[in-house]
Each structure stands twice: as structure tokens, then as C-alpha cells.
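The chain contents come next:
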Amino acid sequence: TAGGTTVLTFATFESIGAYTSVGVGTIEFKVTVPGSTGTLVDTSYSIGTTEYTYVTIGSPGAASAVLIADPYGQPGGNNFAVRVLNMSATDTLIDLYLTAPGADLASATPVVIEAAAGTVTNFVTTPAGNLQVRLTKSGTKDVVYDATPPAIAAGSGQTIVAYGRDSNKLLNVAIMGSQTSG
């Protein structure tokens with residue numbers, strides 16, 4: 001709930017909800033398990049008139065959440081804006097590479113460097129299109145995530161959320177489009 005308004009119900013792991021208006025001012029966000037009397041996360045944030053994304057991670061007894069502002073500006077041309085939200089418990093610093101599919105990573109330069117665990121980086125403008133997304137342990141070419149998602153549209157803002165699931169070596173990713181349902 002946000003400010004007493006139900007925002008998402010019966011969400012499963014890796015769910016992405018739709019944008020919901022919750023007002024401005026100091027808003028209390030609560031995350032609970034259906035049927036439980038306890039609260040997993042209970043935090044108040046000062047909300048302005050911009051759009052935000054609220055991301056939770058963890059399990060009962062070890063849950064956390066972050067609220068991140070979504071404005072990404074106007075990337076212009078055939079570009080899009082991208083940032084990394086590192087929610088990994090195992091990789092405290094990661095780098096993001098966006099390349100043509102199949103490109104050799106050895107000569108590639110990261111688009112985002114040192115995305116720290118529990119934080120979101122600033123948006124970076126980069127060319128849009130069919131891209132291979134790879135995350136590495138920061139400062140190395142040790143790939144911990146590798147996939148080619150659908151083409152990323154020019155003019156969009158994308159948040160790459162890195163998190164762990166059933167592995168202490170590899171990461172999973174959710175790509176969330178700003179001002180969309182993800």
C-alpha cells in the first residue's frame with residue numbers, strides 16, 4: 001500500500017505492476033504478505049510531483065525496498081536513457097555493457113560502471129536498437145548476466161534491475177521501462 005491505497009495485490013516474485021497515483025507529500029509505503037498480520041517493509045517517503053518506481057526484494061524477515069525517481073529527460077535522436085538498479089546481495093559492484101548481439105566483450109566499454117548494491121545509477125544516454133545486455137563484476141569481463149531482450153525503443157527510459165535468484169554467481173534482470181508497466 002502507499003498512503004493507505006492498495007497499489008498491488010497478490011503479487012508474485014518478479015511481478016511488475018502498473019503506475020498508480022498516490023498523491024504528493026509524505027507517503028507511507030507498506031509491504032505485507034496476504035493473510036499475515038506482520039509488515040515486511042514500512043517506510044515513509046517525501047513524494048513530489050514526479051513519477052517514481054518502488055522496488056522490493058528479499059523474503060519475509062529479510063525484505064527491503066527502494067523508491068527511485070523516474071525522470072529520464074529527452075534522450076533525442078535514436079537514443080534511449082538507461083540506468084542500473086543493483087539489488088544483488090552477492091555482486092556489490094557491477095558494470096553494464098550494451099553491445100550489438102554477439103559482439104566481443106573483450107574490446108567493449110561499459111555504459112554504466114560500478115553500479116553499487118542497493119543503489120540506482122544516473123541515467124546515461126546511449127544508442128537504441130537490438131542490443132545484447134551483459135552485466136559483469138565491476139572492472140572485469142566476468143559476465144554474471146547475458147541476454148538479448150526485445151529491441152529497446154529510441155526516446156525511452158529503461159531501468160535495468162539486477163538481482164539474485166537461486167545462484168551465488170549469476171544475476172537475473174528485470175528491464176523496466178519508465179512511464180510504462182515494465
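Up top is the structure these notes are about.
Residues numbered from 1 in each chain as written. Predicted model: local features only at pLDDT ≥ 70, side-chain atom pairs only at ≥ 80, totals over all residues. Heavy atoms only, no water.

A.B. asks: Quick one: what's the story with unusual backbone geometry, residue by residue and with numbers?
C.D. replies: A positive phi is found at F10, a non-glycine position, where the angle reads about 50 degrees. One can find F10 in the segment before strand 1 (25–32). Positive phi, close to 50 degrees, is recorded for E114, a residue that is not glycine. Here E114 shows up in strand 7 (residues 112–116). (Helix = DSSP H or I, 4+ residues; strand = E, 2+ residues; numbered from the N terminus.)

A.B. asks: Run through the nonpolar core, naming residues and quoting values.
C.D. replies: If you look at the biggest cluster of nonpolar residues, it comprises 19 residues, and the most contacted ones within it are F80, I94, L96, L98, L135 and L171. Where this core is concerned, the elements lending two or more residues are strand 5 (79–86), strand 6 (93–99), strand 7, strand 10 (132–137), strand 11 (143–147), strand 12 (157–164) and strand 13 (171–177). Ignoring any residue separated from it by four or fewer positions in sequence, one finds L96 in contact with V82, V84, P110, V111, V112, V133, R134, L135 and I160. (Core = buried A, V, L, I, M, F, W, Y, C linked by side-chain atoms within 4.5 Å. Buried < 20%, exposed > 50% of the residue type's maximum accessible area, 1.4 Å probe, protein only. Contact = heavy atoms within 4.5 Å.)

A.B. asks: Before we move on, can you summarise the packing of aromatic side chains with the specific residues and values?
C.D. replies: For the coordinates displayed, the defined rule picks out four aromatic pairs. Considering the side-chain rings of F29 and Y45, the 5.4 Å spacing of their centres and the 80 degrees angle between planes classify their relative orientation as edge-to-face. Taken together, the residues span a long stretch of sequence, with F29 in strand 1 and Y45 in strand 2 (residues 39–47) at a distance of 16 residues. Residue classification places F29 among the buried positions, given a relative accessible area of 8%. Looking at Y45, the relative accessible area reads 18%, which means it is buried. Through a chain of ring-to-ring contacts, the aromatic side chains of F29, Y45 and Y54 assemble into a single cluster. (Phe/Tyr/Trp six-rings, centres within 6.5 Å; stacked < 30°, edge-to-face > 60°.)

A.B. asks: Tell me about the sheet that holds strand 10, and please be specific about residues and values.
C.D. replies: Taking strand neighbours across the sheet as the criterion, the four strands line up as 7-6-10-11 in an open arrangement whose pairing is antiparallel. The sheet terminates laterally at strand 7 and strand 11, the two strands that pair on one side only. Sheet twist, expressed as the mean angle between neighbouring strand axes with direction ignored, is 20 degrees. Alignment of strand 6 against strand 7, held across three bridges, turns out to be antiparallel. Considered in strand 7, the bridge of L96 is made with V112. (Pairing = 2+ DSSP bridges. Axes fitted to C-alpha atoms, helices over the stretch in contact; angles between N-to-C directions.)

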